[in-house]
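So the chains spell out like this:
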Amino acid sequence: MASIVAVLLVVAAAVQAFPSISTRQSITALTTSQIDQFTTYTYYASAGYCTNTQTLAWDCGTNCNANPGFKPVASGGNGDSVQYWFVGYDPNLDTVIVSHQGTNPSEILPLITDADFFLTNLDSALFPGISSDIEVHNGFGDAQASTATDVLAAVESAMSTYGTKSVTMVGHSLGAAITLLDSVYLPLWLPAGTTFTTIGYGLPRVGNQAFANYVDANVHLTHINNEEDPIPICPVHPAGEVHIKDSGEWAACPGQDNPSTQCIVGDVPEIWDGDESDHDGPYNGVEMGC
């Protein structure tokens, strides 16, 4: 766990070092060893696509075999009206893992570009004390709310069973959106001293500017975008972007929606400039799906 934290701190340092529009163009290339540190989490995100039965038994083929020591605690969802999810413990990393199922780009692209979607306040029963200035995509908010209390109970159980104070949340596509909302939700309910890390892949826009600012101030987030994936280009995104370029280089892009052509917003200025086939990967050789 310490190694991935070190990598995430590289991304965070870039964000803090280049806060202004005029200076945030400086891009940091990740080393091969830094890129490889994400692979464990990539497989956990990919396993989110597997059925709740498969993940509870930790029998889901390549995705499960990549992390053979994982200890599943709970799983849920039906893969239809409620996205699959699972919670468990990774003894090598000494952290609770929370993963949510994503969806394919042909289903999520209309959702994020649909003029009928609206921004709404977070449910005060789930998110007590969160400012009313913060608004999120209604569809993403509903998806997170449908599993929130079950996920919280599973995380509490895992932390108690395995004596850890670390929680790592992962997800791809819609799963990344749900995971980001979990990253705001869970710290409101878990004990002080708990550490949280969030790693999302192909993260769509989740909320308004106030939401992005809240995430920057309170969430330890890295979101990884692959080549010309059109899903992540709609603003506003929190900081913490890592963009996989056509060359295969991974670039840490400081700031919110960095306009550099080495980052997703600059590389894919319009939806039609994107390639939906990039959404599922590969992310350092890992294609999302079960």
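First things first, this report covers the structure right here in the doc. (Residues numbered from 1 in each chain as written. Predicted model: local features only at pLDDT ≥ 70, side-chain atom pairs only at ≥ 80, totals over all residues. Heavy atoms only, no water.)

**Examining unusual backbone geometry**
So, point 1. Look at the link from Gly 281 to Pro 282: it is a cis peptide, with omega at 10°.
So, point 2. Within the secondary structure layout, Pro 282 lies in the segment after helix 11 (264-267).
So, point 3. In this structure, Trp 58 takes a positive phi of about 50° despite not being glycine.
So, point 4. Structurally, Trp 58 is set in the loop between helix 4 (52-57) and helix 5 (62-65).
So, point 5. Trp 58 gets classed as buried once you look at its relative accessible area, which sits at 12%.
So, point 6. Phi angles above zero are rare outside glycine, and Asp 94 is one such case at about 50°.
So, point 7. Looking at where Asp 94 falls in the secondary structure, it is placed in the loop between strand 3 (85-90) and strand 4 (95-100).
So, point 8. Of the residues examined, Asp 94 reaches a relative accessible area of 37% and is grouped as partly exposed. (Helix = DSSP H or I, 4+ residues; strand = E, 2+ residues; numbered from the N terminus. Buried < 20%, exposed > 50% of the residue type's maximum accessible area, 1.4 Å probe, protein only.)

**Description of the pattern of salt bridges**
So, point 1. The final tally for this structure, using the stated rule, is one salt bridge.
So, point 2. Between Glu 249 and Lys 245 there is a salt bridge, with the nearest N and O atoms lying 2.7 Å from each other.
So, point 3. Residue Glu 249 is classed as partly exposed on the basis of its relative accessible area of 32%.
So, point 4. The exposure class assigned to Lys 245 is buried, which follows from its relative accessible area of 17%. (Salt bridge = Lys/Arg side-chain N within 4 Å of Asp/Glu carboxyl O.)

Any functional reading would require information beyond the geometric quantities listed.
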